[in-house]
Structure formats: C-alpha cells, structure tokens
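# Structure assessment
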Amino acid sequence: MPDTSASSASFPATPADPAGLGLDELDPGWARALAGVRPQLEQLSARLAAEPGPWLPAPGHVLRAFRQPFEQVRVLLLGQDPYPTPGHPIGLSFAVEPHVRPLPRSLVNVYKELRADTGVEPPAHGDLSAWSRAGVLLLNRVLTVRPGAPGSHRRTGWEAVTDAAVRALAARGGPLVALLWGKDAQTVTPLLGDVPVVAGVHPSPLSASRGFFGSRPFSRVDELLRAAGGEGVDWRLG
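Below is a short write-up of the structure. (Residues numbered from 1 in each chain as written. Predicted model: local features only at pLDDT ≥ 70, side-chain atom pairs only at ≥ 80, totals over all residues. Heavy atoms only, no water.)

## As for the environment of Asp24
Which entries qualify depends on this criterion: Strands here mean DSSP runs of E at least two residues long; helices mean DSSP runs of H or I at least four residues long; both are numbered from the N terminus. For every residue, the accessible area (1.4 Å probe, protein chains only) is compared with the maximum for its type, and the residue is labelled buried under 20%, exposed over 50%, or partly exposed between those bounds. Nitrogen and oxygen atoms within 3.5 Å of one another constitute a polar contact, given that in protein one can donate a hydrogen and the other can accept it, and given that sequence-neighbouring residues count only through two side-chain atoms.
Locating Asp24 in the fold gives a position in the segment before helix H1 (28-33). The exposure class assigned to Asp24 is exposed, which follows from its relative accessible area of 61%. A sequence separation of 31 residues divides Asp24 from Trp55, and the C-alpha atoms of the two residues are 21 Å apart. Engagement of the side chain of Asp24 in a polar contact is seen with the side chain of Arg38, the distance being 3.0 Å.

Below is the structure:
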C-alpha cells in the first residue's frame, strides 16, 4: 500500500477517483486549467488503485502542487519524479516534511547552490512550502513512483497532465519563468512559447557535479522576473 502517514492529506475514494487523489480538491484555477485532462487523471487514479505494489507519495499528496493558486505562480520549478524513498515525497518537488533527517542528497545539493548563488543560509529542514507561498510551483514531470525504483511511473500518463499544466501557465502569461532541472523536465521546453527558461543539470548526486553547481539558477530566475516587470523571489526558508 502507498504511504498513508498521518501527515498526509486524506481524500475519500470515489468511482471517478478510486485512489483517493483528491481530484475535486484542486485550486479552482488549476481545475479549469486541467479540465481537458480530467479523463486522464481519472484513468491514472484507477491505475494507481489497481497497482499491485506500493507507490509514492501518499495519495493525498500526489496532486498537492495543484492546490497552490494557479494565478499566483511566478516560477515553474520542474523536476523529474518523486523521491523513491518511503517517507520522503510529499507532492512538492525536492521538498520533504520538516522532520525528515537526513535530507535527500538532491535537496542538499540544491541548498549548496542556493547558498553559493544568493547567500541565503539554508535551514536544517527540507520544508520548501515557503517557496510555494512565494509563487514557486514545485512540480515533477511525473507525479508518482514505486519505492526504490526511480522513473518507474514514466509513460503511465502523467506526462499528459504536466504538459497540460505547462501549456496553461504559458497561455496565462507572466511574469513567469520556468526553471527546468534535468532532461525529463526539459522535454516541456517546446510547450513554453515565450516564457523565459533557465535550464540546467538535475541536482542529483549522479549529475550535480556536471554543471548544476555554479549554474546560479536562483539569481538567473530573479533577473528574468525583474526583466519582465515582476519581483524576484524571496528564497529564504526560515
């Protein structure tokens, strides 16, 4: 069974949502933006409900990023898929619950670059919800995974959902900047139109030393937001 820890939101299963993902609990703006892929979301819920083994994150966290107000998104931070470690993924890319120790190594690398790029001192915790409140959409390309098996839910239907999300943001307009970490995330580049893109190496331990460190993603995002008439992001996490 998937992780159903007490910290995760819980939504009742319905015929249209047998996995209990909370399809009817999305932000109204996101509900409209994703209306065209509602059938795919229902199919994904059915597929997950029938999955023979466990999957992550907990059902109520899978669509968590789409409960953030659509109209407030200023930065699309796109990763690849959730952490495959039970207890780590919470539906916001790269984030974990405040109590999780040690931090995932990808997040440690994000924090190293945050400090080097902006001077912001990272916290001991991995709670990135302050970034969400600042308008950063922490989204993965694929929203579920089997424990211990990175990439295991690729090409099961999630890409159509995240494509729709990217198209909707691009159509909405800015100020908006896309921060795309890794090859999976960068597959959405053609969907972004005129949205400025900061593309870079994924911060995983396998790749961070091949161009993530020193890439200055946070300050580059801020520069592009300001050039579009917006404000930079407060990257502090408390």
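On we go.
## Re the sheet that holds strand E2 (residues 136-140)
In a beta sheet, neighbouring strands are held together by backbone hydrogen bonds and run either parallel or antiparallel to one another. Formally: Should DSSP find at least two bridges between two strands, the strands are regarded as paired. Every angle, taken between N-to-C directions, lies between 0 and 180 degrees, and every axis is a line fitted to C-alpha atoms, over only the stretch in contact when it is a helix. Every residue pair with non-hydrogen atoms within 4.5 Å of one another is taken to be in contact.
Taken together, the four strands give an open sheet; going across it, the order is E2-E1-E3-E4, and neighbouring strands pair in parallel fashion. One side of each edge strand has no neighbouring strand; the edge strands of this open sheet are E2 and strand E4 (197-200). Recorded for the sheet is a direction-independent mean angle of 15° between the axes of neighbouring strands. With five bridges connecting them, strand E1 (residues 75-79) and E2 associate as parallel partners. Bridge pairing in E2 places Val75 opposite Val136. The sheet contacts of helix H5 (residues 158-172) involve E1 and E2, and relative to E2 the element is tilted by about 155°.

## Comments concerning the nonpolar core
Using the following cut-off: By convention a nonpolar core is built from buried Ala, Val, Leu, Ile, Met, Phe, Trp, Tyr and Cys residues, the set being connected through side-chain atoms within 4.5 Å.
By size, the foremost hydrophobic cluster in this structure holds 70 residues, and its most contacted members are Leu63, Phe66, Trp131 and Trp158. Every element with two or more residues in this core is listed here: helix H2 (38-49), E1, helix H3 (105-118), helix H4 (129-133), E2, H5, strand E3 (177-181) and helix H7 (217-227). At seven residues, the largest contribution of residues to this core is made by H5. In this view, Phe66 contacts Leu26, Asp27, Trp30, Leu34, Leu139, Leu143, Val161 and Ala165; residues no more than four positions away in its chain are not counted.

## Comments concerning the environment of Phe11
On the secondary structure map, Phe11 appears in the segment before H1. For Phe11, a relative accessible area of 18% puts it in the buried group. With 149 residues separating them in the primary sequence, Phe11 and Ala160 have C-alpha atoms 23 Å apart. With residues near it in sequence (within four places) discarded, Phe11 still touches Gly20, Leu21, Gly22, Glu25, Gly60 and Arg67.

## Remarks on H2
Convention followed: Expected span of a helix, by definition, is 1.5 Å for each gap between consecutive residues, and there is one gap fewer than residues. In this context, the arc is that of the directions from the helix axis out to the C-beta atoms.
Over its twelve residues, H2 extends 17 Å from the first C-alpha to the last, a length consistent with the 16 Å expected when each residue adds 1.5 Å. Considered for burial, the residues of H2 that qualify are Leu41, Leu44, Ser45 and Leu48. Down the axis of H2, the sector holding all buried residues measures 100°, keeping them to one side.

## Thoughts on unusual backbone geometry
Cis geometry marks the peptide bond from Leu56 to Pro57; its omega dihedral reads -5°. Following Gly174, the chain continues to Pro175 via a peptide bond in cis, the omega torsion being 10°. Located in the positive-phi region is Phe94, a residue other than glycine, with phi close to 75°. With respect to the element layout, Phe94 can be found in the loop between E1 and H3. Residue Phe94 is classed as buried on the basis of its relative accessible area of 7%. Phi is positive for Arg216, close to 55°, though the residue is something other than glycine. Here Arg216 lies in the loop between E4 and H7.

Read these as layout, nothing more, since geometry by itself doesn't imply function.
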